Amino acid sequence: QPPQPPQPPSPSSGGKEGSTKAQRKVAQAGQQERGRGEAPRHGVSSPPVPAAAAPNVAPPPLPPMRTSKLHDEIFAFAQASITRGEAAHAEVQGILASLRALVSSRWPQATVELYGSRATGLSLASSDVDVTLLGVPCGAGREAVGGALKELHALMEGQPWVASQKLVLSARIPVLKVATPSSIPIDITISDSAQHTGLLARDLVLGYLSEAPQLTPLVLVLKSFLRELGLNDPYTGGMSSYSLVVLLWLFVCESAHRGYNTTDLGYQLLGFFSMFLYRFDSQVTHVDDPLSPMITAPGEPRENIMHSCYQIGRVCRTFHRALQLLSPETPEWDDPATPLLPRLFSEASSANRATQTEATATTPPPAAARTPPSSGGSSAAASAPPPDSAAASAIASVVEELTAEVEAQSTAEAAAAPPVPPAAKGETPSAEDAKPLAPSPPPPPSPPPPLSP
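Predicted, not measured: the structure shown is a model, and the values here were computed from it.

Visitor: Help me out: how do you make sense of the overall build of the protein chain in this one?
Guide: A count of helical and extended segments in the protein chain gives 16 helices and 5 strands. Across the 453 residues in the protein chain, those meeting the buried criterion constitute 41%. Once local pairs closer than 6 in sequence are excluded, the contacts in the protein chain between residues at least 24 apart make up 68%. A total of about 24,200 Å² of accessible surface is found on the protein chain, and carbon and sulfur atoms cover 58% of it.

Structure follows, in structure tokens:
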């Protein structure tokens, strides 16, 4: 006889075995019906599979992210720049210790604080040491601060780590400029009012770097590039390091907000060039200082951190030329034998230097950007290092080596191949490089979003 279907136990029987078997068969039937696309009958669904019964299978590993060649070069450049700066770190720390002892001997309650690029890790080998004194009982006002700096000037006479000193009392923030025997420039100020925002800027930049670590290599490359061209000093109409960091931070935040990739340094550099040209070729030259008060008088804009950059035209032409040299459409983009950063430093700088004399002569600085004469009869800009000497110490040794390789390779190719006109090569003749470039740069493959004015 065929087997009879099991009878469900009566509620009074209390049998657990029959009840368990019946429930298991109903669940299996529901699973088979769902596998055929049918709804389970009897209104009973299968219980979820316990986590312990699930197979322990690890998900497949994600493929490694492929970065651009320019990304690797920027990262290597930043590492070489940081390594080269570590050589002077011990000397800077020794200078600070000597300065603290000297200041404490005159003002026991005063402290010495380091700010600027030496405090944020964004310094180059030739960067100056920015120091401010807190707690100096000199009172407020320019004359009181100037008197305290004169006392410090007298105390530092004859110190072995002081090669020269110069007081600049007519600047917006009076400063004592010191040079060491090893040519490390030191700027000493006294923080006596809200105008001195050096420490606030230091903390702000450190916060930026903690949230976006990719800013460090980008800032180091751009600072070195602008220093090579003599466009890094706000006293001569260039871009300050602070404004560069703020603009890069705004660009990275806007890119991340709109879903763009912010991990590849190569594409980030190209996107920043495009954003900069969008803003400043369109004459949108106001950039709010994050440290200025949020609430101002009606109709009054906040402080513009680009107000002293009267050579903005040269900066735009340089960035435009950099976009042309580093475009992913060029054959050198994926060629491992042709580095890109040395090409950026050598060709863009030589093309822009052809117009440097004419641009400087025909574009006088505005009155607000001119540096007033100091107490010694010279301007504060005169104490800044000349562009050529600063450039010699700014370019990293790794870039010099790569540049030598590029020049050797170009020489070998030129000797082996017949001369080709520049137009046939797809390059711009050197005579054309001196002309103003078109205001619309070629966008990168993933064009960055423009920042809100």
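Visitor: When you look at the side chain of Q214 in this model, what are you seeing that I'm missing?
Guide: As for its placement among the helices and strands, Q214 is situated in the loop between α6 (198-211) and α7 (215-228). Classification of Q214 as buried rests on a relative accessible area of 16%. Side-chain polar atoms of Q214 contact the backbone oxygen of T262, separated by 3.2 Å.

Visitor: Would you mind showing me how to read helix α9 (residues 265-280) here?
Guide: An α-helix turns once per 3.6 residues; consequently, residues spaced three or four apart project the same way. Between its first and last C-alpha atoms α9 spans 22 Å; for 16 residues at 1.5 Å apiece the expected length is 22 Å, and the two agree. Burial of α9 is extensive: 14 of the 16 residues sit out of reach of the surface. You can read the cap of α9 off the contacts: a side-chain oxygen lies 2.9 Å from the backbone nitrogen of G266, and it is on D264.

Visitor: Would you take a moment to explain the pattern of salt bridges for this structure?
Guide: Opposite charge on two side chains lets them pair, provided their charged atoms get close. Taken as a whole and judged by the stated rule, the model has 6 salt bridges. The residue K177 makes a salt bridge to D187 at a minimum N-O spacing of 3.3 Å. Taken together, the residues span a long stretch of sequence, with K177 in strand β4 (residues 175-179) and D187 in strand β5 (residues 185-190) at a distance of 10 residues. Accessibility assignment for this pair places K177 and D187 in one class, buried. Where R202 meets D203, a salt bridge forms, and the shortest distance between an N and an O atom there is 3.2 Å. For R202, a relative accessible area of 17% gives the class buried. Owing to a relative accessible area of 42%, D203 belongs among the partly exposed residues under this scheme.

Visitor: Can you walk me through unusual backbone geometry in this structure?
Guide: Only a minority of non-glycine residues have a phi that is not negative, and only a minority of peptide bonds are not trans. Of note, the phi angle at S183 is positive, near 65°, even though the residue is not glycine. On the secondary structure map, S183 appears in the loop between β4 and β5. You can call S183 exposed: its relative accessible area is 61%.

Visitor: Quick question: what am I supposed to make of helix α5 (residues 142-155) here?
Guide: With 14 residues, α5 ought to run about 20 Å at 1.5 Å a step, and its terminal C-alpha atoms sit 20 Å apart, in line with that. Residues of α5 that are buried in the fold lie against α3 (89-106), β2 (129-134), β3 (164-168), β4 and β5.

Visitor: Would you mind going over the environment of Q159 with me for this structure?
Guide: As for its placement among the helices and strands, Q159 is situated in the loop between α5 and β3. As for Q159 and S98, which are separated by 61 residues in sequence, their C-alpha atoms are 9.2 Å apart.

Visitor: Is there a simple way to explain the sheet that holds β5 in this structure?
Guide: One open sheet holds the 5 strands; their spatial order is β1-β2-β5-β4-β3, and the pairing between them is mixed. Looking at strand neighbours, the two that pair on one side only are β1 (111-115) and β3, the edges of this open sheet. Sheet twist, expressed as the average angle between the axes of neighbouring strands with direction ignored, equals 25°. Bridge analysis of β1 against β2 gives 5 bridges, and the strand direction is antiparallel. Bridge pairing in β2 places T111 opposite L134. Sitting on the sheet, α6 is in contact with β1 and β2, with an inclination near 45° to β1.

Visitor: What exactly am I supposed to notice about the packing of helix α8 (residues 241-257) against α9 here?
Guide: How two helices pack is summed up by the angle between their axes together with the distance between the axes. At a minimum axis distance of 10 Å, the contact between α8 and α9 shows a crossing angle of 105°. One element, α8, and the other, α9, form an angle in the roughly perpendicular class. Only Q268, G271, F272, M275, F276 and F280 of α9 make contact with α8, whose side of the interface consists of L244, L247, L248, F251, V252 and S255.

Visitor: Where do I start with the nonpolar core in this structure?
Guide: One recurring pattern in soluble globular proteins: nonpolar side chains tend to sit buried together. In terms of nonpolar packing, the biggest core is built from 52 residues, with M239, F272, F273, F276, M306 and F319 touching the most fellow members. Listing elements by their share of this core, those giving two or more residues are α2 (69-86), α6, α7, α8, α9, α10 (312-326) and α11 (341-353). Setting aside anything within four residues of it in sequence, one finds F272 in contact with L222, L244, L247, L248, F251 and F319. The next biggest cluster of nonpolar side chains, apart from the first, holds 31 residues, and it includes L114, L149, M156 and I184.

Visitor: Mind showing me how you'd approach the packing of α7 against α9 here?
Guide: In contact at an axis separation of 11 Å, α7 and α9 are set at 55° when each is read in the N-to-C sense. Accordingly, the angle class assigned to the pair α7 and α9 is oblique. The crossing of α7 and α9 is right-handed. Across the interface between the two elements, P217, L218 and L222 of α7 pack against L265, Q268, L269, F272 and F273 of α9. Of the residues belonging to the contact of α7 with α9, the class tally is 7 nonpolar, 1 polar and no charged.

About the cut-offs
Residues numbered from 1 in each chain as written. Predicted model: local features only at pLDDT ≥ 70, side-chain atom pairs only at ≥ 80, totals over all residues. Heavy atoms only, no water. Helix = DSSP H or I, 4+ residues; strand = E, 2+ residues; numbered from the N terminus. Buried < 20%, exposed > 50% of the residue type's maximum accessible area, 1.4 Å probe, protein only. Contact = heavy atoms within 4.5 Å. Areas by Shrake-Rupley, 256 points an atom, 1.4 Å probe, with all protein chains shown as cover. Polar contact = N/O pair within 3.5 Å; in protein donor to acceptor, adjacent residues only side chain to side chain. Expected span 1.5 Å × (residues − 1). Salt bridge = Lys/Arg side-chain N within 4 Å of Asp/Glu carboxyl O. Pairing = 2+ DSSP bridges. Axes fitted to C-alpha atoms, helices over the stretch in contact; angles between N-to-C directions. Parallel < 35°, antiparallel > 145°, perpendicular 65-115°, else oblique. Core = buried A, V, L, I, M, F, W, Y, C linked by side-chain atoms within 4.5 Å. Left-handed = near helix turned anticlockwise from the far one by under 90°. Nonpolar A, V, L, I, M, F, W, Y, C, P; charged D, E, K, R; others polar.

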